[in-house]
Amino acid sequence: MTTYKKWTLYTLSAAAFILIIIAVANYVIDPYGFYHYAGKSYNYQKSTERDPYQFKTYQGKRYQPETLVMGTSRAMRLDPPFIESLTGESTYNLGLPAATSYINFKYLEYMLKVDKSLKTVFLGLDFEIFNEQYVNQANFDEKRLKSIFYLQDYFATLLSEKTMKDSRKVLLENLNKTTVFTESRYLGDGSFDETLVYPPDINQNTLHAIPTDFQLTQDSMLYIEKIKELCEQNGIQLHLYISPVHAILLETFWQNSMWADFEDWKRQLVAIAPLWDFSGYHEISTSSLRQSENYNDLSHFSKKIGRLMLYRMLNKETDKVPPYFGVYLTPENIDEHLNRLRLNREQWGGKGKNMFDILGSY
């Protein structure tokens, strides 16, 4: 063997060895929770830049759940261990930030291909994402759901320069117990980690983000119908529900002249399938945000409220659930229910007031 060939072999071997070391280190530290969700002292906090659209795709597949929770970030407040305690079915929370009905449909298609154990789906429905102004989340990559082995994800999480830097940050911050570049937003079961500390202006930013007009997109309704059909074809029990958004958000819908659209949205949903409605002006939705018992923030109810919702939907221990919380909507009772919500609004002391002023007192 010539000197040139030996030098080439040594160089390639050294490069391969270095790449293997880098890949192993990134796999063990796992800064995005892509490969495992070890709650070790060196990687419990994950990178703030991790993408749930990426890691939940693979975590959901590995988990092989019998029950799947789907929807937006609000759905992440349904607690898998609690569902398992009520049903005996292994559960994974596949809630995704700002997930449209199309995204939920595509993820359900994917999970039915990779998970033959699936029996039950809980799907949270949120009014805002049915607006035609609402586009699919930028992080949604449909190719990921079509490929058995999506090489781009594996390269990005094992060998990219960014992952090397993020692994270093995750390791150092976990060892030093700091949280500049890391956080504990998601638990291993896919649900929200309620120990996360929100920035102080989160509620004001949420209120600013509420649209000032609304146009229901029929495609979004079409994919709810497709989800229902897909569940029926595969013998999946589907629980549809409307989230208990805070009264301040409901009042913003009203003041932005979107209440008629909100009611029409519910009518169109109930024409597709019966569903549970937890929204409205009631003791839970009008409760103080400062107590942090019923809501994690203005937009998201807490896991405590999620447990009440599950009791109601599964008809378990319903004596623990306030009688006003959770109405099963059908075409027969929808108009009566909507009229009752209007009457309940009239009794709320915050109606008609400036919601930013109200927010300051909550």
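These figures come from a predicted structure and were not determined experimentally.

A. Here's a closer look at the overall build of the protein chain. When its secondary structure is counted, the protein chain shows 14 helices and eight strands. For the protein chain, whose C-alpha radius of gyration is 23 Å, the value lies close to the compact-globule estimate of 21 Å for 362 residues. Judged by the C-alpha coordinates and their principal axes, the protein chain covers about 90 × 45 × 40 Å. For the protein chain, buried positions account for 53% of its 362 residues. If you sum the accessible surface of the protein chain, you get close to 17,100 Å²; carbon and sulfur atoms cover 54% of it. For the protein chain, the separation between the mean place of its 39 positive charges and that of its 43 negative charges on side chains is 7 Å.

B. Representation of the pattern of salt bridges. A full pass over the atoms with the stated rule returns 21 salt bridges. Between arginine 74 and glutamate 128 there is a salt bridge; the shortest N-O distance is 2.7 Å. Of this pair, arginine 74 sits in the loop between β2 (67-70) and α3 (80-87) while glutamate 128 sits in the loop between β4 (120-125) and α5 (142-146), and the two are 54 residues apart along the sequence. The class for glutamate 128 is buried, based on a relative accessible area of 13%. For lysine 162, the salt bridge identified is with aspartate 166, shortest N-O distance 2.7 Å. Within this pair, lysine 162 and its partner aspartate 166 are both found in helix α7 (residues 161-176), separated by four residues, close to a single helical turn.

C. Spatial organisation of the sheet that holds strand β7 (residues 275-277). Within the open sheet, the six strands sit side by side as β3-β2-β4-β6-β7-β8. Their pairing is mixed. Two strands close off the open sheet at either side, each with one partner strand: β3 (91-93) and β8 (327-329). For this sheet, the mean inter-axis angle between neighbouring strands, taken without regard to orientation, is 20°. Judged from the six bridges that link them, β4 and strand β6 (residues 237-242) form a sheet pairing that is parallel. Across the sheet, the residue bridging to glycine 124 is tyrosine 241, located in β6. In the packing of helix α4 (residues 101-114) onto the sheet, the strands contacted are β2 and β4, and the crossing angle to β2 comes to about 160°. The strands touched by helix α12 (residues 303-314) are β4, β6 and β7; relative to β6, the strand with the most contacts, the crossing angle is about 130°.

D. Summary view of unusual backbone geometry. With a phi close to 50°, glutamine 64 is a non-glycine residue in the positive phi region. Here the phi dihedral of lysine 177 falls at roughly 55°; this positive angle occurs in a residue that is not glycine. By the secondary structure assignment, lysine 177 is in the loop between α7 and β5 (182-183). Judged by its relative accessible area of 73%, lysine 177 falls in the exposed class.

E. A look at the environment of asparagine 203. Along the chain, asparagine 203 falls in helix α8 (residues 202-209). A relative accessible area of 17% means that asparagine 203 is categorised as buried. Not counting residues within four places of it along the chain, the set of residues in contact with asparagine 203 comprises Leu289, Asp297, Leu298 and Leu359.

F. Seen up close, a nonpolar patch on the surface. On the surface, Ile20, Val24, Tyr27 and Val28 cluster together into a nonpolar patch covering about 340 Å² of accessible area. Along the polypeptide, isoleucine 20 turns up in helix α1 (residues 3-29).

G. Main features of the pairing of β2. Of the two faces of β2, both are covered, the one formed by Thr67 and Val69 as well as the one formed by Leu68 and Met70. In the sheet, β2 pairs with β3 via three bridges, with the strands oriented parallel. Within β3, the residue paired with leucine 68 across the bridge is tyrosine 92. In this view, the connection linking β2 to its parallel neighbour β3 by way of α3 has right-handed handedness.

Reading the values: the criteria
Residues numbered from 1 in each chain as written. Predicted model: local features only at pLDDT ≥ 70, side-chain atom pairs only at ≥ 80, totals over all residues. Heavy atoms only, no water. Helix = DSSP H or I, 4+ residues; strand = E, 2+ residues; numbered from the N terminus. Rg over C-alpha atoms; globule rule 2.2 N^0.38 Å. Buried < 20%, exposed > 50% of the residue type's maximum accessible area, 1.4 Å probe, protein only. Areas by Shrake-Rupley, 256 points an atom, 1.4 Å probe, with all protein chains shown as cover. Lys, Arg positive; Asp, Glu negative; His and termini not counted. Charge placed at Lys NZ, Arg CZ, Asp CG, Glu CD. Salt bridge = Lys/Arg side-chain N within 4 Å of Asp/Glu carboxyl O. Pairing = 2+ DSSP bridges. Axes fitted to C-alpha atoms, helices over the stretch in contact; angles between N-to-C directions. Contact = heavy atoms within 4.5 Å. Patch = residues over 30% accessible without salt bridge, like charges linked within 9 Å, V, L, I, M, F, W, Y side chains within 5 Å. Right-handed = clockwise from strand over helix to strand, strands pointing away.

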